[in-house]
Amino acid sequence: MSNTIEIREGQQTDIPAALDLIRELAVYEKAPNEVIVTEADMIRDGFGPAPLFHFYVATLDNEVIGIALTYIRYSTWKGPMLYLEDLVIREAHRGKGIGKLLFEKCMKRASDLNYEGMIWQVLDWNEPAIRFYDKYQSNYSGEWLNGKLTKTQIDTFFQSENV
């Protein structure tokens, strides 16, 4: 065993471990039943002809212990921004600087691609994550509300008299 953390591009073979980490995050965020994406979905969406996301993995002795999943968000005011959807470290490995390595790898990607910045969301009760992001002098917006419609809501709308 080496104790050396490696940060590398995520591969198709990493999808099962990535999905397991996503489920671990959902439990932490008190929403364990919200994860409906499958390994097949992630392989199709991340490795098809027009990938919808990109991800990095942190490994220790060839075991995936962290992920950072990103995609491009286009701001009509600023241009392309890197959106960090999830940054997840296995609970047993938190507090060891792995999140820092993954986060900075994402920052480097945004810089290398000449994007206008990097954005993400953090739950207002997730104090450890907020403290982590504060180390980077992050900005938070209290004036924006996050809107959302589920697939069921959209389907229901189009099946009703509203169309």
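Predicted model, so just to flag it, every value in this text is computed and none were measured.

Calculation criteria
- Residues numbered from 1 in each chain as written.
- Predicted model: local features only at pLDDT ≥ 70, side-chain atom pairs only at ≥ 80, totals over all residues.
- Heavy atoms only, no water.
- Helix = DSSP H or I, 4+ residues; strand = E, 2+ residues; numbered from the N terminus.
- Buried < 20%, exposed > 50% of the residue type's maximum accessible area, 1.4 Å probe, protein only.
- Contact = heavy atoms within 4.5 Å.
- Areas by Shrake-Rupley, 256 points an atom, 1.4 Å probe, with all protein chains shown as cover.
- Phe/Tyr/Trp six-rings, centres within 6.5 Å; stacked < 30°, edge-to-face > 60°.
- Lys NZ or Arg CZ within 6 Å of the ring centre and 35° of its normal.
- Pairing = 2+ DSSP bridges.
- Axes fitted to C-alpha atoms, helices over the stretch in contact; angles between N-to-C directions.

## Some words on the overall build of the protein
When helices and strands are tallied, the protein shows five helices and five strands. For the protein, the N- to C-terminal ordering of α and β elements is β-α-α-β-β-β-α-β-α-α. C-alpha extents for the protein along the principal axes are approximately 60 × 35 × 35 Å. Residues classed as buried in the protein amount to 34% of the 163 residues present. Partitioning the intrachain contacts of the protein with sequence separation of at least 6 by distance along the chain shows that 59% fall at a separation of at least 24. Working note: accessible area of the protein is about 11300 Å², and carbon and sulfur atoms make up 52% of it.

## Describing unusual backbone geometry
Phi at Asn62 takes a positive value of approximately 70 degrees, unusual for a residue other than glycine. Considering the arrangement of structural elements, one finds Asn62 in the loop between β2 (54–60) and β3 (63–75).

## Thoughts on the packing of aromatic side chains
Overall, the coordinates contain twelve aromatic pairs when judged by the stated rule. Centre to centre, the rings of Phe103 and Tyr133 are 5.4 Å apart; their planes meet at 50 degrees, and the pair counts as tilted. With Phe103 in helix α3 (residues 98–112) and Tyr133 in helix α4 (residues 127–134), this pair connects stretches of sequence that are 30 residues apart. Of the residues examined, Tyr133 reaches a relative accessible area of 7% and is grouped as buried. Ring pairs connect the aromatic residues Phe103, Trp120, Phe132, Tyr133 and Tyr136, which therefore count as one cluster. The cationic tip of Lys30 hangs over the ring face of Trp125; the distance from NZ or CZ to the ring centre is 3.9 Å. Above the face of the Tyr28 ring, Arg94 is positioned so that its terminal group lies 5.4 Å from the ring centre.

## Notes on the environment of Thr152
Positionally, Thr152 belongs in helix α5 (residues 151–159). With 124 residues separating them along the chain, Thr152 and Tyr28 place their C-alpha atoms 25 Å apart.

## Comments concerning the sheet that holds strand β5 (residues 118–120)
Taken together, the five strands give an open sheet; going across it, the order is β1-β2-β3-β4-β5, and neighbouring strands pair in mixed fashion. Since the sheet does not close on itself, it has two edges, and those belong to β1 (5–9) and β5, each with one partner. Going from strand to strand, the sheet's axes swing by 30 degrees on average, the running direction of each strand aside. Here three bridges tie strand β4 (residues 79–89) to β5, and the two strands are oriented parallel to one another. The residue of β5 that forms the bridge with Leu82 is Met118. The strands touched by α3 are β1, β2, β3, β4 and β5; relative to β4, the strand with the most contacts, the crossing angle is about 165 degrees.

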